[in-house]
Amino acid sequence: VSVDQVKNSGWNRDIMAARLKAGLKSLSQSLIPSRMAGTGPLPGLNKEGKEWDLSPFLSHEEAYHQLIVDLAVLSAVTLRQLAKPLTQDSRLRTPDSPLYVDGGFSRSEIFMKALTSISPWQPVYAAEIPQSTALGGALLMHNRWQTGPLPKLDSFRFERVQPDTTIGPLLAAYAERYVRQAEGR
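Values in this document were obtained by computation on a predicted structure and should not be read as measured data.

**Thoughts on the packing of aromatic side chains**
Moving on, step 1. Counted under the stated rule, the structure contains 4 aromatic pairs.
Moving on, step 2. For the pair Tyr174 and Tyr178, a centre-to-centre distance of 6.1 Å together with 50° between the ring planes defines the contact as tilted. Within this pair, Tyr174 and its partner Tyr178 are both found in helix H6 (residues 168–182), separated by 4 residues, close to a single helical turn.
Moving on, step 3. Put simply, the rings of Tyr100, Tyr125 and Phe158 pair up and form one aromatic cluster.

**Here we look at helix H4 (residues 109–118)**
Moving on, step 1. For H4, the buried fraction is high: 9 of the 10 residues fall into the buried class.
Moving on, step 2. Buried residues of H4: Ile110, Phe111, Met112, Lys113, Ala114, Leu115, Thr116, Ser117 and Ile118, and no others.

**Quick word on the side chain of Lys113**
Moving on, step 1. Relative to the helices and strands, Lys113 is located in helix H4.
Moving on, step 2. Look at Lys113: it is buried, it has no salt bridge, and the nearest opposite charge is Asp164 at 5.9 Å.
Moving on, step 3. Apart from the residues lying within four places of it in its own chain, the contact partners of Lys113 are Trp11, Val161, Gln162, Pro163 and Asp164.

**Topic: the environment of Thr133**
Moving on, step 1. With respect to the element layout, Thr133 can be found in helix H5 (residues 132–145).
Moving on, step 2. Taking the C-alpha atoms as reference points, Thr133 and Gly103, 30 residues apart in sequence, are found 9.7 Å from one another.

**Overview of helix H2 (residues 13–25)**
Moving on, step 1. Its 13 residues give H2 an end-to-end C-alpha distance of 19 Å, which sits within 8% of 18 Å, the value for a rise of 1.5 Å per residue.
Moving on, step 2. Considered for burial, the residues of H2 that qualify are Ile15, Met16, Ala17, Arg19, Leu20 and Gly23.

**A short note on the sheet that holds strand S3 (residues 157–161)**
Moving on, step 1. Spatially, the 3 strands line up as an open sheet ordered S1-S2-S3, and their pairing is mixed. Only two strands of the sheet have a single partner each, and these edge strands are strand S1 (99–101) and S3. When strand polarity is set aside, the average angle formed by the axes of neighbouring strands in this sheet is 35°.
Moving on, step 2. Against the sheet, H4 makes contact with S1, strand S2 (124–128) and S3, and its axis sits at roughly 150° relative to S2, the strand it touches most.

**Overview of the pattern of salt bridges**
Moving on, step 1. For the coordinates displayed, the defined rule picks out 2 salt bridges.
Moving on, step 2. One salt bridge connects Asp164 with Arg13, and the closest N-O pair in it is separated by 2.9 Å. On the criterion of sequence distance, the pair formed by Asp164 in the loop between S3 and H6 and Arg13 in helix H2 is long-range, its members being 151 residues apart.
Moving on, step 3. Given the relative accessible area of 4%, Asp164 is considered buried.
Moving on, step 4. Note on Arg13: relative accessible area 42%, which makes it partly exposed.
Moving on, step 5. Among the ionic pairs, Glu62 bridges to Arg19, the shortest N-O distance being 3.8 Å. Residue Glu62 is found in helix H3 (residues 60–86), and its partner Arg19 is found in helix H2; the two are separated by 43 residues along the sequence. Judged on exposure class, the residue Glu62 and its partner Arg19 are both buried.

What counts as what
Residues numbered from 1 in each chain as written. Predicted model: local features only at pLDDT ≥ 70, side-chain atom pairs only at ≥ 80, totals over all residues. Heavy atoms only, no water. Phe/Tyr/Trp six-rings, centres within 6.5 Å; stacked < 30°, edge-to-face > 60°. Helix = DSSP H or I, 4+ residues; strand = E, 2+ residues; numbered from the N terminus. Buried < 20%, exposed > 50% of the residue type's maximum accessible area, 1.4 Å probe, protein only. Lys, Arg positive; Asp, Glu negative; His and termini not counted. Salt bridge = Lys/Arg side-chain N within 4 Å of Asp/Glu carboxyl O. Contact = heavy atoms within 4.5 Å. Expected span 1.5 Å × (residues − 1). Pairing = 2+ DSSP bridges. Axes fitted to C-alpha atoms, helices over the stretch in contact; angles between N-to-C directions.

So far we have only geometry, and geometry alone does not tell us how the molecule works.
Listed below in structure tokens is the structure:
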């Protein structure tokens, strides 16, 4: 299977539902990342990551959906953890404010659909912004070093990604089970 075939895999509700149902029974095919103890989005992770066995998957699309949904779950968990202290400052955004994803993952239909379906109350946008990391840092610091208004950003393209309401509850249940098992709860 070529890299292009994998990268061009699109959202497939049937494959996603099958992966999530399998994951609710057993997380043995889920991606558990290797990391230093006590760090990362799941600091309570009570087991080390292992090499991911791809042999149980029937196709590259199944394996890719599993990989991407697990990355979306880890991303959602990380974003929620980051938002907790920020929401204590009323000047900063709340967890239900828009999330803008840029770069390679913003072009992954599977990742974007999974991420927005995990948290359907949070608007998720795919963004095409050159130098977005630098721009985001500058916007965050703007009011600390500039007195004028923010520059207009109307030349950038943002596309709202709609959650898959059929898969959403199943994905939320999978995400909860993933976190519980990873943390040994």
